[in-house]
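The chain contents come next:
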Amino acid sequence: MAVNAKKIVLYALVVFVLYVIITDPAKAASYVQIGFEGISDAARAIGDFMTWAANGGKS
């Protein structure tokens, strides 16, 4: 039963994403850009933390 619910939610999400892309491509592109900026910021923060930790926790 849970597998069927997951499939339904996945299909609904795919349909929604396609609907947004088809009806407003500029807004969809904006959402993708925001997502990639968030991933980039997270990667930069992890890199800064690892550099800090490799330097013995010194600023």
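Fair warning: this is a prediction, and the values are worked out from it, not measured in the lab. Each chain carries its own residue numbering, running from 1 in the written order of its sequence. Local features in a predicted model are, by the rule used here, given only for residues with pLDDT of at least 70; side-chain atom pairs are given and counted only at 80 or more, and totals for whole chains, interfaces and linings are based on all residues. Remark: hydrogens and water are excluded; side-chain values derive from all non-hydrogen atoms of the structure.

Right, let's talk about the overall build of the protein chain for a bit. Under the scheme used here, helices are H or I runs from DSSP no shorter than 4 residues and strands are E runs no shorter than 2 residues, and both carry numbers assigned from the N terminus. Secondary structure assignment for the protein chain yields two helices and zero strands. Relative to a compact globule of 59 residues, whose C-alpha radius of gyration would be 10 Å, the protein chain shows 19 Å and is clearly more extended. Across its three principal axes, the protein chain shows a C-alpha extent of roughly 50 × 35 × 10 Å. Here, Shrake-Rupley sampling with a 1.4 Å probe gives the accessible areas, and only protein chains in the shown set may cover a residue. Accessible surface, the protein chain as shown: approximately 5300 Å² in total, 72% of it carbon and sulfur. Neither His nor the chain termini are counted; the positive set is Lys and Arg, and the negative set is Asp and Glu. A charged residue contributes its charge at one atom only: NZ of Lys, CZ of Arg, CG of Asp or CD of Glu. Positive and negative side-chain charges of the protein chain, numbering 5 and 4 respectively, have mean locations separated by a distance of 13 Å. When we talk radius of gyration, it's over C-alpha atoms, and the globule rule is simply 2.2 Å times the number of residues to the 0.38.

This part takes up a nonpolar patch on the surface. Patches here: salt-bridge-free residues with over 30% relative accessible area, like charges joined within 9 Å, nonpolar side chains (Val, Leu, Ile, Met, Phe, Trp, Tyr) joined within 5 Å. When a carboxyl oxygen of Asp or Glu is within 4 Å of a side-chain nitrogen of Lys or Arg, the pair counts as a salt bridge. A cluster of nonpolar side chains, Leu10, Leu13, Val14, Phe16, Val17, Leu18, Tyr19, Ile21 and Ile22, forms an exposed patch at the surface whose accessible area comes to about 910 Å². Think of it in three bands: residues with accessible area under 20% of the maximum for their type are buried, residues over 50% are exposed, and the middle band is partly exposed, with areas taken using a 1.4 Å probe on protein chains only. Taking relative accessible area as the criterion, isoleucine 22 reaches 68% and is therefore assigned exposed.

Right, let's talk about the packing of helix α1 (residues 2-23) against helix α2 (residues 25-54) for a bit. Where α1 contacts α2, the axes come no closer than 5 Å and their chain directions differ by 120°. Judged on the interaxial angle alone, α2 and α1 are oblique. Residues Val20, Ile21, Ile22 and Thr23 of α1 form the contact with α2, whose participating residues are Pro25, Ala28 and Tyr31. Note on definitions: angles span 0 to 180 degrees between N-to-C directions of axes, and those axes are lines fitted to C-alpha atoms, for helices only across the stretch in contact. Orientation categories follow fixed angle ranges, with anything under 35 degrees roughly parallel, anything over 145 roughly antiparallel, 65 to 115 roughly perpendicular, and all other angles oblique. Whether two residues are in contact is decided by their heavy atoms: any pair within 4.5 Å suffices.

To continue, consider the packing of aromatic side chains. The relative placement of two aromatic rings is captured by the distance of their centres and the angle of their planes. Pairing of aromatic rings covers Phe, Tyr and the six-membered ring of Trp, with a centre-to-centre limit of 6.5 Å; geometry is then stacked below 30 degrees between planes, edge-to-face above 60, and tilted otherwise. Under the definition given, this model contains one aromatic pair. Aromatic pair phenylalanine 49 and tryptophan 52: ring centres 5.8 Å apart, planes at 35°, arrangement tilted. Of the two residues, phenylalanine 49 and tryptophan 52 both sit in helix α2, three residues apart, roughly one turn of that helix. By relative accessible area, phenylalanine 49 is classed as partly exposed at 46%. Given a relative accessible area of 40%, tryptophan 52 falls into the partly exposed group.

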